[in-house]
Amino acid sequence: MNFFKALFGGKEERPEEKKKAEEEKNFDVLKYDGVRALRSGHHDYAVKCFTHALGMKEDLEIRDYLSLALIRADLLPEAFDCLRKISEAQPDNQKVYVRMANVAYMMEDYTAMADACEKAMLVDGDNPEVTYLYAKACIGHGDTTNAVAMLTKAVTLKPDYAEAYLLRGETLLGAGRTAEASEDADRLLADYPESEDVLMLKARVERACGNQDEAIIYYGKVIDVNPFHAGAYRERGELLVAAGDESQGNEDLKHAAELTENQNGGGNGDDIAKKVNDAYKNINPMGL
């Protein structure tokens, strides 16, 4: 065989070259198997593929995919650590810090979330998404003043930032600043008249201002949009009972209790689900 290779100019592949080619092939197979698994919802298998691939060699693209797989497999501390390693290799990659902030938010680690946001701001201090996330970290720490300041900056940078107006309105309302909260609610209603979150904010503002009849109307609009909104039934029921309509009020309260039990087995189930959904909006810049 060596005679024919020499005769026709062939080159025999050296053992180390053959081994390297085989390793590259196996690495690519693990990568594409992992991506397919991630896209089809087989997150545990995707984690195994990407982890094994990284055991063969370090690769930031694979580590990025692994972070997504870990998030979807609900392995949040592992995902955060994976993203931290990417950030160390790419300290100017703001998207990594944004994803870290979202993962920290899901873990309810507001210190880590704020730290990720601060690092993102060093890359670009005028990114409205980052200031919005930083505001959520401030809220997690009970720092209403800085939260409102960050949300105001976010809407200044992005005047149509509905999520920031909504969160600012909710935060202002929680701080008892009803007049300012009402301004945000009315602004949002003009553009999103059928949003259950906006309608809920408006109902709560009216309730806080002592406008019970208006609040009842808006709670009804929330229920029209989402008949499974336990909070709207509960709060409307409380107002109806206080107004003397005990029959309808108690019916609302009973329905609210049934919805809460069926949905998540606890009163804060809606809030937890919303937190997770909000966080997922920004963790997937690659479109997977």
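Quick caveat, the model's predicted, so the values are computed rather than measured.

Trainee: Sorry if this is basic, but what is going on with the overall build of the protein chain here?
Mentor: Within the protein chain, the secondary structure is distributed over 16 helices and 0 strands. Per-residue burial for the protein chain yields a buried fraction of 42% across its 288 residues. Here the contacts in the protein chain between residues at least 6 apart in sequence split such that 47% fall between residues at least 24 apart. Of the accessible surface of the protein chain, which amounts to about 15,700 Å², a share of 49% is contributed by carbon and sulfur atoms.

Trainee: Can you help me understand the packing of aromatic side chains in this one?
Mentor: Each aromatic ring pair is specified by the distance between its two centres and by the angle formed by the two planes. If you walk through the whole model with that rule in mind, you get 3 aromatic pairs. With 5.3 Å between their ring centres and 35 degrees between their planes, Y132 and Y161 make a pair best called tilted. Within this pair, whereas Y132 is found in helix α8 (residues 128-140), its partner Y161 is found in the loop between α9 (144-157) and α10 (162-174), the two being separated by 29 residues in sequence. For the pair formed by Y132 and Y161, the shared burial category is buried.

Trainee: What should I look at first to understand the environment of A69 in this one?
Mentor: Topologically, A69 is positioned in helix α4 (residues 60-72). Residue A69 is classed as buried on the basis of its relative accessible area, which comes to 0%. Taking the C-alpha atoms as reference points, A69 and L38, separated by 31 residues in sequence, lie 6.3 Å from one another. Apart from residues lying up to four places away in sequence, A69 is in contact with L38, H43, A46, V47 and F50.

Trainee: Can you help me understand the side chain of Q94 in this one?
Mentor: Relative to the helices and strands, Q94 resides in helix α6 (residues 94-107). Taking relative accessible area as the criterion, Q94 reaches 12% and is therefore assigned buried. A distance of 2.8 Å separates a polar atom in the side chain of Q94 from the backbone oxygen of A120. Every residue in contact with Q94, bar those within four places of it in the chain, is listed here: A120, V123, D124, N127 and V130.

Trainee: How should the packing of α6 against helix α7 (residues 110-123) be read in this particular structure?
Mentor: Between two packed helices, the angle of one axis relative to the other and the distance separating the axes together describe the packing. Packing of α6 against α7 brings their axes to within 8 Å, and their N-to-C directions diverge by 165 degrees. As the angle between them shows, α6 and α7 are arranged roughly antiparallel. As α6 packs across α7, the resulting crossing turns out to be left-handed. Along its contact with α6, which presents Q94, Y97, M100, A101, A104 and Y105, the element α7 presents Y110, A112, M113, A116, C117, K119, A120 and V123. Of the residues in the contact of α6 with α7, the class split is 12 nonpolar, 1 polar and 1 charged.

Trainee: Sorry, what's going on with the nonpolar core here?
Mentor: Generally speaking, a soluble globular protein has its nonpolar side chains buried in company with each other. Among the nonpolar cores identified, the biggest contains 82 residues, and F50 and M113 are the most heavily contacted of them. The greatest single-element share of this core, amounting to 9 residues, is contributed by α6. Excluding residues within four positions of it along the chain, F50 makes contact with K31, G34, V35, L38, I62, Y65, L66 and A69.

Trainee: Could you clarify how one ought to interpret the pattern of salt bridges in this entry?
Mentor: Where charged atoms from two side chains of opposite charge approach closely, those side chains can pair. Tallied over the full model, the rule gives 16 salt bridges. Its salt-bridge partner being K31, residue E61 comes within 2.9 Å of it at the nearest N-O pair. Of this pair, E61 sits in helix α4 while K31 sits in helix α2 (residues 15-39), placing them 30 residues apart in sequence. Given a relative accessible area of 34%, E61 falls into the partly exposed group. By relative accessible area, which is 13% here, K31 ends up buried.

Trainee: Would you mind showing me how to read the confidence of the model for the protein chain here?
Mentor: The predicted coordinates ought not to be read in detail in places where the model reports low pLDDT. This prediction gives the protein chain a mean pLDDT of 89; 87% of its residues lie at or above 70. Low pLDDT (under 50) marks residues 266-270, which in the prediction has 6 contacts with non-local residues, meaning those over four places away or in another chain. Between residues 283-288, whose pLDDT stays under 50, and residues either more than four places distant or in other chains, the model counts 16 contacts.

Trainee: Explanation requested: helix α5 (residues 76-89) in the structure shown.
Mentor: Three or four residues apart is the spacing at which side chains of an α-helix point the same way, because the helix has 3.6 residues per turn. With 14 residues, α5 should reach 20 Å at 1.5 Å per residue; the first-to-last C-alpha distance of 20 Å fits that figure. Buried within α5 are the following residues: L76, A79, F80, C82, L83, I86 and S87. Down the axis of α5, the sector holding all buried residues measures 160 degrees, keeping them to one side. Those residues of α5 that are exposed and angled more than 90 degrees off the buried face are P77 and E88.

Trainee: Can you help me understand the environment of M106 in this one?
Mentor: Counting through the fold element by element, M106 comes out in helix α6. For the pair formed by M106 and I71, sequence separation is 35 residues and the distance between their alpha carbons is 9.6 Å.

Trainee: What is the right way to read the packing of α2 against α4 from this model?
Mentor: The contact between α2 and α4 brings their axes to 11 Å, and the two run at 35 degrees. Relative to α4, α2 is oriented so that their crossing is left-handed. From α2, F27, K31, V35 and L38 reach across to α4, where they touch E61, I62, Y65, L68, A69 and R72. Across the contact of α2 with α4, the residue classes tally to 7 nonpolar, no polar and 3 charged.

So, how was this worked out
Residues numbered from 1 in each chain as written. Predicted model: local features only at pLDDT ≥ 70, side-chain atom pairs only at ≥ 80, totals over all residues. Heavy atoms only, no water. Helix = DSSP H or I, 4+ residues; strand = E, 2+ residues; numbered from the N terminus. Buried < 20%, exposed > 50% of the residue type's maximum accessible area, 1.4 Å probe, protein only. Contact = heavy atoms within 4.5 Å. Areas by Shrake-Rupley, 256 points an atom, 1.4 Å probe, with all protein chains shown as cover. Phe/Tyr/Trp six-rings, centres within 6.5 Å; stacked < 30°, edge-to-face > 60°. Polar contact = N/O pair within 3.5 Å; in protein donor to acceptor, adjacent residues only side chain to side chain. Axes fitted to C-alpha atoms, helices over the stretch in contact; angles between N-to-C directions. Parallel < 35°, antiparallel > 145°, perpendicular 65-115°, else oblique. Left-handed = near helix turned anticlockwise from the far one by under 90°. Nonpolar A, V, L, I, M, F, W, Y, C, P; charged D, E, K, R; others polar. Core = buried A, V, L, I, M, F, W, Y, C linked by side-chain atoms within 4.5 Å. Salt bridge = Lys/Arg side-chain N within 4 Å of Asp/Glu carboxyl O. pLDDT = per-residue confidence, 0-100. Expected span 1.5 Å × (residues − 1). Arc of directions from axis to C-beta.

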